[in-house]
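Overview (structure and organization)
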Amino acid sequence: MTTFVLALLAFLAVFCTTHVVSNKHDSLYVNITILQSATTQGAVCLDGSPPAYHLDRGYGTGLRRWIIYLDGGSWCESIPDCLDRSTSSLGSSNHMKQRGFFAGILHNTSKQNPEFHNWNRVRVKYCDGSSFTGDVEQVHSEHKLYFRGARIFKAIMEDLWRKGMKSAENAILSGTSAGGLATILNCDKFKCLLPESAKVKCVADAAFFINSKTIYGTSYIQEMYRKIVNLHGSAKNLPSACTYVMEPSLCLFSQNVIPYIQTPLFIINSIYDSWQVK
Ligand SMILES: *[C@@H]1O[C@H](CO)[C@@H](O)[C@H](O)[C@H]1NC(C)=O
Ligand SMILES: *[C@@H]1O[C@H](CO)[C@@H](O)[C@H](O)[C@H]1NC(C)=O
């Protein structure tokens with residue numbers, strides 16, 4: 001018995017080490033593209049810097065296939081909160097890394113990413129704090145903050161369109177957490193950008209935030225969503241079929257807005273989402 005357990009441990013040790021080493025060896029980093037031209041449309045990060053993404057071109061049968069991944073990273077709901085973010089990579093391209101890590105569905109080997117390795121793979125940086133829904137013309141006078149998430153989404157998609165997405169045969173919009181919510185909220189807009197013949201789908205990962213009371217009896221997430229929508233002027237950019245029947249901030253709950261999304265949508269969500277448990 002002991003020998004067996006030791007043999008098993010030895011096997012696991014070797015197996016795990018090999019596994020880690022091969023992963024490290026295959027690590028893929030892709031250079032950033034700062035979309036300077038977006039500033040003319042006022043599509044800017046919280047601090048007014050241009051938005052950014054990382055693109056790794058497809059090859060072979062993947063040349064006309066595109067997978068877009070929207071980064072997550074919570075939201076900002078007040079001026080101090082957004083001001084804080086504006087000095088980090090979540091609010092300014094001046095603070096983003098030159099190289100973006102591409103793993104999982106963004107990796108370029110069939111071993112790590114059997115389905116999408118040769119597709120055009122894009123990682124969109126999140127620097128607006130509103131899940132790409134904000135659009136306020138006025139710049140916050142004192143702190144020079146910009147609320148332009150929806151403009152960023154549009155500007156980046158249009159740039160990718162020019163870079164070949166206009167002839168896509170397949171396209172997937174995806175994202176995790178705040179990026180998963182952005183995926184749902186922008187799914188039909190994404191579909192509209194693509195050729196009618198393209199097969200378009202969305203995949204939202206960890207995008208469900210349950211509308212329930214905290215142990216203190218407060219509606220934490222509902223209250224936060226209400227502040228986000230107000231601060232970022234998001235209402236007009238949310239799916240209108242949803243905002244027509246309920247208060248716009250309630251359309252930030254995936255469970256409320258999903259019935260109004262027309263494009264095929266896939267959902268990945270843990271029952272015990274660690275962020276929500278907290
Ligand atoms: C990425 O950027 C670095 C630094 O600017 C540069 O040296 C390198 O050639 C770039 N790689 C690619 C693939 O463009
Ligand atoms: C994946 O990307 C790396 C870095 O750009 C490159 O060296 C490698 O050849 C690529 N692999 C495939 C299968 O294209």
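Up top is the structure.
A few points on the structure. (Residues numbered from 1 in each chain as written. Chains lettered and ligands numbered in written order. Predicted model: local features only at pLDDT ≥ 70, side-chain atom pairs only at ≥ 80, totals over all residues. Heavy atoms only, no water.)

**Some details on the overall build of the protein**
Scanning the protein for helices and strands turns up eight helices and 10 strands. Taken against the 2.2 N^0.38 rule, which gives 19 Å for 278 residues, the C-alpha radius of gyration of the protein at 20 Å falls within 12% of a compact globule. Viewed in the frame of its principal axes, the protein has a C-alpha envelope of about 70 × 50 × 35 Å. For the protein, with 278 residues in total, the buried portion stands at 45%. (Helix = DSSP H or I, 4+ residues; strand = E, 2+ residues; numbered from the N terminus. Rg over C-alpha atoms; globule rule 2.2 N^0.38 Å. Buried < 20%, exposed > 50% of the residue type's maximum accessible area, 1.4 Å probe, protein only.)

**Some thoughts on the sheet that holds strand S8 (residues 170-176)**
For sheets, the rule is that strands pair by backbone hydrogen bonds, running either parallel or antiparallel. Strand order in this open sheet of eight strands is S4-S1-S2-S5-S3-S8-S9-S10, and the pairing throughout is mixed. The open sheet has two free edges, formed respectively by strand S4 (99-102) and strand S10 (265-268), since each of these has just one partner strand. On average, each strand axis in the sheet is tilted by 25 degrees relative to the strand beside it, whichever way the strands run. The sheet contact formed by strand S1 (residues 28-34) and strand S2 (residues 52-56) spans three bridges and is antiparallel. Its bridge partner lying in S2, Ile 34 is registered against Ala 52. Against the sheet, helix H4 (residues 178-193) engages strand S3 (65-70), S8, strand S9 (199-205) and S10, with an angle of about 155 degrees to S8. (Pairing = 2+ DSSP bridges. Axes fitted to C-alpha atoms, helices over the stretch in contact; angles between N-to-C directions. Contact = heavy atoms within 4.5 Å.)

**As for the environment of Asp 81**
Structurally, the position occupied by Asp 81 is in helix H2 (residues 79-85). Considering only alpha carbons, one finds Asp 81 and Gly 129, 48 residues apart in sequence, at a separation of 9.5 Å. Beyond its immediate chain neighbours, meaning those up to four positions away, Asp 81 contacts Trp 75 and Cys 76.

**Regarding the packing of helix H3 (residues 149-162) against H4**
Two elements in contact, H3 and H4, have axes separated by 11 Å at closest approach and are oriented at 30 degrees. With respect to H4, the element H3 is oriented roughly parallel. The handedness of the crossing between H3 and H4 comes out as right-handed. Contact with H3, carried on its side by Phe 153, Met 157 and Trp 161, involves Asn 186, Lys 189, Phe 190 and Leu 193 of H4 and no other residues of that element. The residue makeup of the contact of H3 with H4, split by class, is five nonpolar, one polar and one charged. (Parallel < 35°, antiparallel > 145°, perpendicular 65-115°, else oblique. Left-handed = near helix turned anticlockwise from the far one by under 90°. Nonpolar A, V, L, I, M, F, W, Y, C, P; charged D, E, K, R; others polar.)

**Overview of the state of the cysteines**
Two cysteines, two sulfur atoms, one covalent bond between them: this is a disulfide. Inspection of the entire model under this criterion finds four disulfides. Disulfide pairing places Cys 187 opposite Cys 202 at an S-S distance of 2.2 Å. Judged by the sign of its S-S torsion, about 100 degrees, the cystine formed by Cys 187 and Cys 202 is right-handed. Of this pair, Cys 187 sits in helix H4 while Cys 202 sits in strand S9, placing them 15 residues apart in sequence. (Disulfide = S-S within 2.5 Å.)

**Quick notes on the pattern of salt bridges**
Within this structure, the stated rule accounts for 11 salt bridges. In this structure, the salt-bridge partner of Arg 226 is Glu 223, at a minimum N-O distance of 2.6 Å. Of this pair, Arg 226 and Glu 223 both sit in helix H5 (residues 220-232), three residues apart, which is roughly one turn of that helix. Residue class for Glu 223 comes out partly exposed when judged on its relative accessible area of 34%. (Salt bridge = Lys/Arg side-chain N within 4 Å of Asp/Glu carboxyl O.)

**Topic: unusual backbone geometry**
The phi dihedral of Phe 132 is positive, around 60 degrees, even though this residue is not glycine. Examined against the element boundaries, Phe 132 turns out to sit in the loop between strand S5 (120-124) and strand S6 (136-140). At Ala 206, a residue that is not glycine, the phi angle is positive and equals roughly 55 degrees. Structurally, Ala 206 can be placed in the loop between S9 and H5.

**Focus on the side chain of His 117**
Within the secondary structure, His 117 is located in the loop between S4 and S5. Within the local environment of His 117, its side chain forms a polar contact with the backbone oxygen of Pro 114, the two atoms lying 3.4 Å apart. Residue contacts for His 117: discarding those within four places in its chain leaves Tyr 59, His 107, Asn 108, Thr 109 and Ser 110. (Polar contact = N/O pair within 3.5 Å; in protein donor to acceptor, adjacent residues only side chain to side chain.)

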